[in-house]
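The chain contents come next:
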Amino acid sequence: MNNQLSIIGVPMDLGQMRRGVDMGPSAIRYAGIVERLTNLSYDIEDLGDIEIGRPEKSPEEQDHQLKNLKEVADASEKLSDVVNEVVNRKRFPLVFGGDHSIAIGTLAGVARNYDNLGVIWYDAHGDLNNSATSPSGNIHGMPLAVSLGIGDESLTGISGYTPKIKPENIVIIGARSLDEGERELIKEKGIKVYTMHEIDRMGMTKVMEEAIEYVSKGTDGVHLSLDLDGLDPHDAPGVGTPVLGGISYRESHLAMEMLAESDILTSAEFVEVNPILDEKNKTATVAVALMGSLFGEKLK
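Residues numbered from 1 in each chain as written. Predicted model: local features only at pLDDT ≥ 70, side-chain atom pairs only at ≥ 80, totals over all residues. Heavy atoms only, no water.

The name given to the chain in an unreviewed UniProt entry is Arginase, with Guptibacillus hwajinpoensis as the source organism. Checking UniProt for the chain, the heading Sequence similarities (unreviewed entry) contains the comment "Belongs to the arginase family." (UniProt positions renumbered as here; feature names shortened; annotations may be inferred.)

Asker: I'd like a description of the packing of helix H3 (residues 69-88) against helix H4 (residues 103-111), backed by residues and values.
Answerer: Relative orientation of the contacting elements H3 and H4 amounts to 35°, with a least axis distance of 7 Å. For the pair H3 and H4, the crossing hand works out as right-handed. Residues Ser76, Leu79, Ser80, Val83 and Asn84 of H3 pack against Ile104, Gly105, Thr106, Ala108, Gly109 and Val110 of H4. Residue classes in the contact of H3 with H4 are distributed as five nonpolar, six polar and no charged. (Axes fitted to C-alpha atoms, helices over the stretch in contact; angles between N-to-C directions. Helix = DSSP H or I, 4+ residues; strand = E, 2+ residues; numbered from the N terminus. Left-handed = near helix turned anticlockwise from the far one by under 90°. Contact = heavy atoms within 4.5 Å. Nonpolar A, V, L, I, M, F, W, Y, C, P; charged D, E, K, R; others polar.)

Asker: Outline the packing of helix H9 (residues 204-216) against helix H10 (residues 249-262), supporting the account with residue identities and numerical values.
Answerer: It is at 10 Å that the axes of H9 and H10 come closest, and there the two elements cross at 35°. Seen along the crossing, H9 lies across H10 with a hand that is right-handed. The residues of H10 that touch H9, namely those facing Met204, Thr205, Met208, Glu209 and Ile212, are Glu251, Leu254, Ala255, Met258, Leu259 and Ser262. When the residues that make up the contact of H9 with H10 are grouped by side-chain class, the tally is seven nonpolar, two polar and two charged.

Asker: Could you give me a rundown of the pairing of strand E4 (residues 117-122), with the residues and numbers involved?
Answerer: The element E4 is largely enclosed, with a buried count of six among its six residues. Where E4 and strand E7 (residues 221-227) come together, six bridges link them in parallel fashion. Its bridge partner lying in E7, Tyr122 is registered against Leu226. Inspection of the sheet shows E4 paired to strand E5 (residues 170-175) by four bridges, in the parallel sense. When the sheet's bridge partners are listed, Val119 is paired in E5 with Ile170. (Buried < 20%, exposed > 50% of the residue type's maximum accessible area, 1.4 Å probe, protein only. Pairing = 2+ DSSP bridges.)

Asker: Outline the UniProt feature "binding site: Mn(2+)" (unreviewed entry) in the chain, supporting the account with residue identities and numerical values.
Answerer: When the UniProt feature table is mapped onto this chain, "binding site: Mn(2+)" (unreviewed entry) is found at His100, Asp123, His125, Asp127, Asp227 and Asp229. Across 130 residues, the annotated set stays spatially compact, with a maximum C-alpha separation of 12.2 Å. Considering the arrangement of structural elements, one finds His125 in the loop between E4 and helix H5 (143-147). We classify His125 as buried; its relative accessible area is 15%. Setting aside anything within four residues of it in sequence, one finds His125 in contact with Ile172, Ser177, Leu178, Asp229, Thr241 and Val243. When you line up the elements, Asp127 lands in the loop between E4 and H5.

Asker: Could you give an account of the packing of aromatic side chains, with specific residues and numbers?
Answerer: What the rule picks out here adds up to two aromatic pairs. When the ring of Tyr42 is compared with that of Phe295, the centres are 5.5 Å apart and the planes differ by 80°; the resulting orientation is edge-to-face. Placement of Tyr42 in the loop between helix H2 (33-39) and strand E2 (43-49) and of Phe295 in the segment after helix H11 (282-294) is noted, with a sequence separation of 253 residues between them. A relative accessible area of 12% places Tyr42 in the buried class. (Phe/Tyr/Trp six-rings, centres within 6.5 Å; stacked < 30°, edge-to-face > 60°.)

Asker: Talk me through the environment of Ser252; I want residue IDs and the actual numbers.
Answerer: If you trace the backbone, Ser252 turns up in helix H10. Residue class for Ser252 comes out buried when judged on its relative accessible area of 0%. C-alpha of Ser252 to C-alpha of Asp229: the two residues are 23 residues apart in sequence and 12 Å apart in space. In this structure, Ser252 is in contact with Tyr122, Leu231, Ile247 and Leu290, ignoring residues within four places of it in sequence.

Asker: Could you give an account of the nonpolar core, with specific residues and numbers?
Answerer: The biggest cluster of nonpolar side chains holds 48 residues, and the ones touching the most others in it are Tyr122, Ile173, Leu224, Leu228, Leu259 and Phe270. Counting residues per element, this core draws most heavily on H11, at seven residues. The next biggest cluster of nonpolar side chains, apart from the first, holds 47 residues, and it includes Ile8, Leu14, Val119 and Ile139. (Core = buried A, V, L, I, M, F, W, Y, C linked by side-chain atoms within 4.5 Å.)

This is the structure:
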(Lines give C-alpha, C1' and ligand atoms only; values in the text may rest on other atoms or scores of the structure.)
Protein backbone atom coordinates (compact mmCIF):
# COMPACT_ATOMS: atom_id res chain seq x y z
CA MET A 1 0.00 0.00 0.00
CA ASN A 2 1.22 3.49 -0.86
CA ASN A 3 2.60 5.02 2.34
CA GLN A 4 1.63 8.56 1.26
CA LEU A 5 -2.05 9.22 2.08
CA SER A 6 -4.03 12.33 1.18
CA ILE A 7 -7.36 12.81 2.98
CA ILE A 8 -10.13 14.64 1.11
CA GLY A 9 -13.39 15.51 2.87
CA VAL A 10 -16.58 15.92 0.84
CA PRO A 11 -19.39 17.34 3.05
CA MET A 12 -22.09 16.46 0.51
CA ASP A 13 -25.71 15.94 1.53
CA LEU A 14 -27.37 16.87 -1.78
CA GLY A 15 -27.47 13.39 -3.29
CA GLN A 16 -30.28 12.39 -0.92
CA MET A 17 -32.90 13.99 1.32
CA ARG A 18 -31.82 13.28 4.91
CA ARG A 19 -29.75 16.09 6.38
CA GLY A 20 -26.66 15.45 8.46
CA VAL A 21 -24.44 13.35 6.21
CA ASP A 22 -22.54 16.52 5.27
CA MET A 23 -21.02 16.28 8.75
CA GLY A 24 -19.59 12.83 8.01
CA PRO A 25 -16.02 13.98 7.22
CA SER A 26 -15.85 15.95 10.48
CA ALA A 27 -17.20 12.98 12.46
CA ILE A 28 -14.57 10.67 10.95
CA ARG A 29 -11.79 13.12 11.76
CA TYR A 30 -13.17 13.57 15.30
CA ALA A 31 -13.10 9.77 15.72
CA GLY A 32 -9.32 9.93 15.34
CA ILE A 33 -8.50 8.78 11.84
CA VAL A 34 -5.41 10.97 11.39
CA GLU A 35 -3.87 9.79 14.64
CA ARG A 36 -4.75 6.17 13.86
CA LEU A 37 -3.07 6.19 10.47
CA THR A 38 -0.12 8.23 11.69
CA ASN A 39 0.48 5.55 14.33
CA LEU A 40 0.66 3.03 11.48
CA SER A 41 3.59 5.05 10.06
CA TYR A 42 1.69 6.61 7.15
CA ASP A 43 2.55 10.06 5.87
CA ILE A 44 -0.80 11.86 6.23
CA GLU A 45 -1.78 14.99 4.34
CA ASP A 46 -5.26 16.32 5.17
CA LEU A 47 -6.43 18.52 2.30
CA GLY A 48 -9.54 19.63 4.19
CA ASP A 49 -13.02 19.66 2.65
CA ILE A 50 -14.24 20.33 -0.87
CA GLU A 51 -16.57 23.33 -0.90
CA ILE A 52 -20.13 22.27 -1.72
CA GLY A 53 -22.50 24.82 -3.25
CA ARG A 54 -26.03 25.11 -1.93
CA PRO A 55 -29.03 24.92 -4.27
CA GLU A 56 -31.00 28.12 -4.85
CA LYS A 57 -34.25 26.19 -5.04
CA SER A 58 -35.63 23.30 -3.02
CA PRO A 59 -35.76 19.92 -4.83
CA GLU A 60 -39.52 20.38 -5.27
CA GLU A 61 -38.96 23.70 -7.10
CA GLN A 62 -36.20 22.47 -9.38
CA ASP A 63 -36.97 21.82 -13.05
CA HIS A 64 -35.14 18.49 -13.22
CA GLN A 65 -36.19 15.02 -12.08
CA LEU A 66 -32.79 14.43 -10.48
CA LYS A 67 -32.57 16.31 -7.21
CA ASN A 68 -29.84 19.00 -6.93
CA LEU A 69 -28.35 17.90 -10.26
CA LYS A 70 -26.30 21.03 -10.94
CA GLU A 71 -24.82 21.20 -7.46
CA VAL A 72 -23.89 17.51 -7.45
CA ALA A 73 -22.30 17.85 -10.90
CA ASP A 74 -20.33 20.92 -9.83
CA ALA A 75 -19.05 19.21 -6.68
CA SER A 76 -18.13 16.12 -8.69
CA GLU A 77 -15.99 18.21 -11.05
CA LYS A 78 -14.17 19.80 -8.11
CA LEU A 79 -13.58 16.47 -6.41
CA SER A 80 -12.39 14.85 -9.63
CA ASP A 81 -9.74 17.54 -10.07
CA VAL A 82 -8.49 17.24 -6.48
CA VAL A 83 -8.34 13.44 -6.62
CA ASN A 84 -6.55 13.52 -9.97
CA GLU A 85 -3.98 15.92 -8.57
CA VAL A 86 -3.37 13.63 -5.58
CA VAL A 87 -2.85 10.61 -7.84
CA ASN A 88 -0.51 12.62 -10.07
CA ARG A 89 1.61 13.32 -6.98
CA LYS A 90 1.88 9.54 -6.44
CA ARG A 91 -0.21 9.67 -3.27
CA PHE A 92 -3.14 7.48 -2.20
CA PRO A 93 -6.47 9.39 -2.20
CA LEU A 94 -8.61 8.61 0.85
CA VAL A 95 -11.98 10.33 0.50
CA PHE A 96 -14.54 10.86 3.29
CA GLY A 97 -18.24 11.47 2.59
CA GLY A 98 -20.83 12.76 2.52
CA ASP A 99 -23.45 10.77 0.65
CA HIS A 100 -22.51 8.19 -1.96
CA SER A 101 -23.03 10.57 -4.89
CA ILE A 102 -19.46 11.71 -4.16
CA ALA A 103 -18.22 8.51 -5.82
CA ILE A 104 -19.06 10.14 -9.17
CA GLY A 105 -16.26 12.65 -8.60
CA THR A 106 -13.89 10.23 -6.88
CA LEU A 107 -14.04 7.70 -9.70
CA ALA A 108 -13.80 10.40 -12.35
CA GLY A 109 -10.58 11.65 -10.76
CA VAL A 110 -9.04 8.24 -10.12
CA ALA A 111 -9.95 6.65 -13.46
CA ARG A 112 -8.19 9.40 -15.41
CA ASN A 113 -4.99 7.66 -14.37
CA TYR A 114 -5.86 4.04 -15.18
CA ASP A 115 -6.80 2.12 -18.31
CA ASN A 116 -8.72 -0.61 -16.46
CA LEU A 117 -9.67 0.50 -12.97
CA GLY A 118 -11.14 -2.20 -10.75
CA VAL A 119 -13.86 -1.26 -8.25
CA ILE A 120 -14.99 -2.96 -5.05
CA TRP A 121 -18.42 -1.57 -4.13
CA TYR A 122 -19.09 -2.48 -0.48
CA ASP A 123 -22.74 -1.51 -0.05
CA ALA A 124 -26.26 -2.66 0.79
CA HIS A 125 -27.34 -1.05 -2.50
CA GLY A 126 -26.24 -1.34 -6.11
CA ASP A 127 -26.33 2.42 -6.80
CA LEU A 128 -27.10 1.49 -10.40
CA ASN A 129 -30.22 3.60 -10.92
CA ASN A 130 -30.79 6.38 -13.45
CA SER A 131 -33.57 8.91 -13.93
CA ALA A 132 -35.78 6.28 -15.59
CA THR A 133 -35.40 3.63 -12.88
CA SER A 134 -34.90 5.64 -9.67
CA PRO A 135 -37.91 5.62 -7.33
CA SER A 136 -36.71 8.84 -5.65
CA GLY A 137 -34.53 10.91 -8.00
CA ASN A 138 -31.79 10.86 -5.36
CA ILE A 139 -28.38 10.85 -7.07
CA HIS A 140 -26.70 8.88 -4.26
CA GLY A 141 -28.46 5.85 -5.75
CA MET A 142 -26.78 6.38 -9.14
CA PRO A 143 -22.97 6.78 -8.88
CA LEU A 144 -22.03 3.30 -10.11
CA ALA A 145 -24.37 3.62 -13.12
CA VAL A 146 -23.01 7.10 -13.85
CA SER A 147 -19.44 5.80 -13.74
CA LEU A 148 -20.45 3.14 -16.28
CA GLY A 149 -21.66 5.93 -18.58
CA ILE A 150 -25.36 5.46 -17.82
CA GLY A 151 -27.37 8.52 -16.79
CA ASP A 152 -27.61 12.26 -17.26
CA GLU A 153 -24.82 13.70 -19.43
CA SER A 154 -23.93 16.37 -16.88
CA LEU A 155 -22.93 13.50 -14.56
CA THR A 156 -21.56 10.90 -16.97
CA GLY A 157 -19.46 13.58 -18.67
CA ILE A 158 -17.61 14.73 -15.52
CA SER A 159 -13.95 15.47 -16.43
CA GLY A 160 -14.76 15.21 -20.12
CA TYR A 161 -14.79 11.45 -20.65
CA THR A 162 -17.10 8.48 -20.25
CA PRO A 163 -17.30 5.71 -19.16
CA LYS A 164 -14.93 5.78 -16.21
CA ILE A 165 -15.07 2.05 -15.49
CA LYS A 166 -16.07 -1.22 -17.18
CA PRO A 167 -18.73 -3.61 -15.84
CA GLU A 168 -16.35 -6.57 -15.92
CA ASN A 169 -14.05 -4.77 -13.46
CA ILE A 170 -16.67 -4.28 -10.72
CA VAL A 171 -17.49 -6.39 -7.68
CA ILE A 172 -20.44 -5.46 -5.44
CA ILE A 173 -20.28 -6.90 -1.90
CA GLY A 174 -23.13 -6.93 0.63
CA ALA A 175 -26.07 -6.12 -1.64
CA ARG A 176 -29.49 -6.73 -0.13
CA SER A 177 -31.66 -3.87 -1.45
CA LEU A 178 -31.76 -3.71 -5.26
CA ASP A 179 -34.43 -1.99 -7.34
CA GLU A 180 -35.85 -3.83 -10.35
CA GLY A 181 -34.03 -1.62 -12.84
CA GLU A 182 -30.77 -2.31 -11.02
CA ARG A 183 -31.34 -6.06 -11.16
CA GLU A 184 -31.91 -5.85 -14.90
CA LEU A 185 -28.76 -3.79 -15.42
CA ILE A 186 -26.68 -6.24 -13.37
CA LYS A 187 -27.88 -9.09 -15.59
CA GLU A 188 -27.44 -7.11 -18.78
CA LYS A 189 -23.89 -6.00 -17.96
CA GLY A 190 -22.82 -9.19 -16.18
CA ILE A 191 -21.75 -7.34 -13.03
CA LYS A 192 -20.32 -9.56 -10.29
CA VAL A 193 -22.43 -9.32 -7.12
CA TYR A 194 -22.07 -11.03 -3.75
CA THR A 195 -25.37 -10.56 -1.95
CA MET A 196 -25.87 -11.30 1.73
CA HIS A 197 -27.09 -14.74 0.62
CA GLU A 198 -23.64 -15.53 -0.82
CA ILE A 199 -21.86 -14.07 2.21
CA ASP A 200 -23.99 -16.21 4.55
CA ARG A 201 -23.52 -19.39 2.51
CA MET A 202 -19.88 -19.01 1.47
CA GLY A 203 -18.49 -17.03 4.37
CA MET A 204 -16.66 -13.72 4.10
CA THR A 205 -13.24 -15.36 3.66
CA LYS A 206 -14.30 -17.14 0.46
CA VAL A 207 -16.20 -14.11 -0.82
CA MET A 208 -13.18 -11.85 -0.39
CA GLU A 209 -10.78 -14.38 -1.87
CA GLU A 210 -12.93 -14.60 -5.00
CA ALA A 211 -13.60 -10.85 -5.13
CA ILE A 212 -9.92 -9.95 -4.82
CA GLU A 213 -8.97 -12.44 -7.53
CA TYR A 214 -11.78 -11.21 -9.80
CA VAL A 215 -11.09 -7.49 -9.43
CA SER A 216 -7.32 -7.98 -9.82
CA LYS A 217 -7.56 -9.74 -13.17
CA GLY A 218 -6.59 -7.40 -16.00
CA THR A 219 -6.86 -4.24 -13.91
CA ASP A 220 -4.10 -1.69 -13.33
CA GLY A 221 -5.55 -0.17 -10.14
CA VAL A 222 -8.36 -0.95 -7.66
CA HIS A 223 -10.68 1.50 -5.89
CA LEU A 224 -12.68 0.66 -2.75
CA SER A 225 -15.98 2.48 -2.29
CA LEU A 226 -17.34 1.57 1.14
CA ASP A 227 -20.80 2.69 2.18
CA LEU A 228 -21.31 2.27 5.93
CA ASP A 229 -24.84 0.99 5.25
CA GLY A 230 -23.17 -2.15 3.91
CA LEU A 231 -22.82 -3.07 7.56
CA ASP A 232 -25.78 -4.15 9.65
CA PRO A 233 -27.55 -1.18 11.31
CA HIS A 234 -26.77 -2.72 14.71
CA ASP A 235 -23.09 -2.01 14.06
CA ALA A 236 -23.47 1.15 11.97
CA PRO A 237 -26.70 2.95 12.93
CA GLY A 238 -25.70 6.40 11.68
CA VAL A 239 -26.56 6.01 7.99
CA GLY A 240 -29.35 7.48 5.89
CA THR A 241 -30.65 4.27 4.30
CA PRO A 242 -30.13 1.40 6.78
CA VAL A 243 -31.08 -2.11 5.66
CA LEU A 244 -31.43 -4.93 8.17
CA GLY A 245 -29.49 -8.15 7.77
CA GLY A 246 -26.18 -6.60 6.76
CA ILE A 247 -22.50 -7.48 7.04
CA SER A 248 -21.28 -7.74 10.61
CA TYR A 249 -18.58 -5.61 12.22
CA ARG A 250 -16.25 -8.60 12.48
CA GLU A 251 -16.87 -9.73 8.87
CA SER A 252 -16.11 -6.20 7.70
CA HIS A 253 -12.84 -6.15 9.62
CA LEU A 254 -11.91 -9.47 8.02
CA ALA A 255 -12.71 -8.05 4.58
CA MET A 256 -10.51 -5.00 5.23
CA GLU A 257 -7.69 -7.17 6.62
CA MET A 258 -7.78 -9.34 3.51
CA LEU A 259 -7.68 -6.28 1.29
CA ALA A 260 -4.68 -5.02 3.24
CA GLU A 261 -2.90 -8.35 2.73
CA SER A 262 -3.74 -8.39 -0.99
CA ASP A 263 -2.04 -4.99 -1.44
CA ILE A 264 -4.18 -4.18 -4.50
CA LEU A 265 -5.88 -0.92 -3.49
CA THR A 266 -4.81 2.35 -5.09
CA SER A 267 -7.63 4.58 -3.71
CA ALA A 268 -10.54 4.39 -1.28
CA GLU A 269 -13.58 6.27 0.00
CA PHE A 270 -15.82 5.83 3.05
CA VAL A 271 -19.28 7.35 2.73
CA GLU A 272 -22.74 7.88 4.28
CA VAL A 273 -21.68 8.53 7.90
CA ASN A 274 -24.52 10.64 9.32
CA PRO A 275 -23.80 11.90 12.87
CA ILE A 276 -27.37 13.19 13.34
CA LEU A 277 -28.71 9.66 12.97
CA ASP A 278 -25.85 8.09 14.93
CA GLU A 279 -25.37 6.95 18.53
CA LYS A 280 -22.41 8.76 20.20
CA ASN A 281 -20.45 8.85 16.93
CA LYS A 282 -20.53 5.03 16.79
CA THR A 283 -20.64 4.80 12.99
CA ALA A 284 -17.71 7.16 12.45
CA THR A 285 -15.76 5.18 15.05
CA VAL A 286 -16.55 1.99 13.13
CA ALA A 287 -15.39 3.64 9.90
CA VAL A 288 -12.09 4.61 11.53
CA ALA A 289 -11.61 1.10 12.93
CA LEU A 290 -12.23 -0.40 9.48
CA MET A 291 -9.71 1.98 7.96
CA GLY A 292 -7.25 0.86 10.59
CA SER A 293 -7.64 -2.73 9.38
CA LEU A 294 -7.55 -1.65 5.72
CA PHE A 295 -4.22 0.09 6.22
CA GLY A 296 -2.55 -2.76 8.04
CA GLU A 297 -3.54 -2.59 11.69
CA LYS A 298 -3.28 -5.99 13.34
CA LEU A 299 -3.85 -7.43 16.79
CA LYS A 300 -0.51 -7.85 18.53
